[in-house]
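# Geometric and topological summary
What follows is the residue order along each chain.
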Amino acid sequence: MEKTYHFIGIKGSGMSALALMLHQMGKNVQGSDSTDYFFTQRGLELAGIPLLPFDEKNIKPGDVLIVGNSFNDENNVEVAYADKNGFPYKRYHEFLGEFMEEFTSIGVAGAHGKTSTTGMLAHVMSSAVDTSYLIGDGTGRGNKDSKYFVFESDEYQRHFMPYHPEYTIMTNIDFDHPDFFHGIDDVTAAFQDYAKNIKKGIFAYGDDENLRKLVAPVPVYYYGFTPEDDYQALNLVRTTRGSSFDAYYKNELLGHFVVPTFGKHNVLNALAVVGVCHQLGLDMQDIADHMLTFRGVKRRFTEKKVNETVIIDDFAHHPTEIEATIDAARQKYPDREIVAVFQPHTFTRTIAFADDFARVLDHADTVYLAQIYGSAREVDHHQITAQDLADKVRKPARVISVDNVSPLLDHERAVYVFMGAGNIQQYEQAFEKLLSQLTENVQ
């Protein structure tokens, strides 16, 4: 009898992607989670994967148990039942580390830009050659006969250490996750340890001083905008329709590339993708053609319109990400007012980056702050509030509640950029509902 793969916490972005991929490979897949709606479950429902509420009765002898990293025997009845009865299970990253050995695998690591870069690499490679992939927006594609496997490689709690891919991209090193890492040196050490796992080559952003310090047993190809980089983007043109550039490898022209996404960071992501595909020997014109059809990933600069009101939804929750998202909005809508609606994610991160948050939010024209979204893994010691952060912002800034988003109506033809990793979408949905009461035209 074929085994069933049971996912505890299947709605997590990585877990749902892995579940979809195994399902497409013909495996029996099911999973459990809370009954709250999460954006990843749509793909699981369309695939017909059973979604169950947490219950110890879901655990059957012989099942392959894959457990989300947030769950343990103290906060989950299924994990507690498995531990009590001696049922073995693997964490997501442990399972993935073994699984990827069947393919030529390419990881995408970095404090910021992992999901967008993984999405772009997965899109162009799967369009050019049979490629399975896992993207951090909950998207997965699986074919057991694929030669290549593209996946997101997360540094949090050093989860990327079981991974030994042939290649990896490293978009940047930055101090995020202050609940785990002690500082930038600690983060850098984690990436250095991960670099030792790579079998054939590393593609690293050349302007990152910490990535420039990497010592690895394989070639490190730096990418960026300067002559010191192995892969260089020249003749960059940014318009309201996207960005274009010429890509060079050590002064050799590889081709002209157009990426229909916004912000300088997406040009760098595209250049890293070009580098990987070049080293894999894929046709550069083919890659350029497929890059033209990339439409982004979920919750990364996702747009919708209500009449003349533009609403952008983005996962940005670190100062570097917020700066990049506002830059992208400015590129696409240079003549519109940019209204930032930001929800700080975790108290530890808000305390650690309060001044940086204020600095980058000042790049918007007006700022609204949602209440801080606390993590289940921390306690609110009342050291900081959303109002404290609003007081640091120089531009007009105020705190709003999900029950009253009407202050957002005080702008005409504005671009509203909703940013956060918590429940910021509830604020966004409340605003859309308010707008829908004023108009019928939703696109």
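A few points on the structure. Remember, it's a predicted structure, so these values are computed and weren't measured experimentally. (Residues numbered from 1 in each chain as written. Predicted model: local features only at pLDDT ≥ 70, side-chain atom pairs only at ≥ 80, totals over all residues. Heavy atoms only, no water.)

Here helix 5 (residues 114–128) crosses helix 8 (residues 284–291) at 120 degrees, and the two axes come no closer than 9 Å. In this view, helix 5 runs oblique relative to helix 8, as classed from their interaxial angle. The handedness of the crossing between helix 5 and helix 8 comes out as right-handed. Between helix 5 and helix 8, the residues in contact are Met120, His123, Val124, Ser127 and Ala128 and Asp286, Ile287, His290 and Met291, respectively. Of the residues contributing to the contact of helix 5 with helix 8, the split by class is five nonpolar, three polar and one charged. (Axes fitted to C-alpha atoms, helices over the stretch in contact; angles between N-to-C directions. Helix = DSSP H or I, 4+ residues; strand = E, 2+ residues; numbered from the N terminus. Parallel < 35°, antiparallel > 145°, perpendicular 65-115°, else oblique. Left-handed = near helix turned anticlockwise from the far one by under 90°. Contact = heavy atoms within 4.5 Å. Nonpolar A, V, L, I, M, F, W, Y, C, P; charged D, E, K, R; others polar.)

Our next topic: the packing of aromatic side chains. Under the defined criterion, the tally for this structure stands at 23 aromatic pairs. Between Phe149 and Phe151, the aromatic rings sit 5.5 Å apart at their centres with planes inclined by 10 degrees, giving stacked as the arrangement. Taking 6.3 Å as the distance between ring centres and 50 degrees as the angle between the ring planes, the aromatic pair formed by Phe203 and Tyr231 counts as tilted. In this pair, Phe203 sits in strand 11 (residues 201–205) while Tyr231 sits in strand 13 (residues 231–239), placing the two residues 28 residues apart along the sequence. Taken together, the aromatic side chains of Tyr5, Phe95, Phe99, Phe103, Phe149, Phe151 and Tyr163 make up a single cluster linked through ring pairs. Here the guanidinium or amino end of Arg212 rests over the ring plane of Tyr222, the centre of that ring lying 4.0 Å away. In this arrangement the basic side chain of Lys264 is found over the ring face of Phe225, its NZ or CZ atom lying 5.3 Å from the centre. (Phe/Tyr/Trp six-rings, centres within 6.5 Å; stacked < 30°, edge-to-face > 60°. Lys NZ or Arg CZ within 6 Å of the ring centre and 35° of its normal.)

In this fold, Asp36 is placed in the loop between strand 2 (28–33) and helix 2 (41–46). Using a relative accessible area of 56% as the deciding quantity, one classes Asp36 as exposed. For the pair Asp36 and Lys11, spaced 25 residues apart in the sequence, the C-alpha separation amounts to 9.7 Å. Excluding residues that lie within four positions of it along the chain, Asp36 makes contacts with Lys11 and Gln41. (Buried < 20%, exposed > 50% of the residue type's maximum accessible area, 1.4 Å probe, protein only.)

Here we come to the environment of His182. Here His182 shows up in the loop between strand 10 (167–170) and helix 6 (184–195). Overall, the relative accessible area of 74% leaves His182 in the exposed class.

Checked against the element boundaries, His93 lands in helix 4 (residues 92–99). His93 gets classed as buried once you look at its relative accessible area, which sits at 11%. Side chain to side chain, His93 and Asn69 meet in a polar contact 3.2 Å long. (Polar contact = N/O pair within 3.5 Å; in protein donor to acceptor, adjacent residues only side chain to side chain.)

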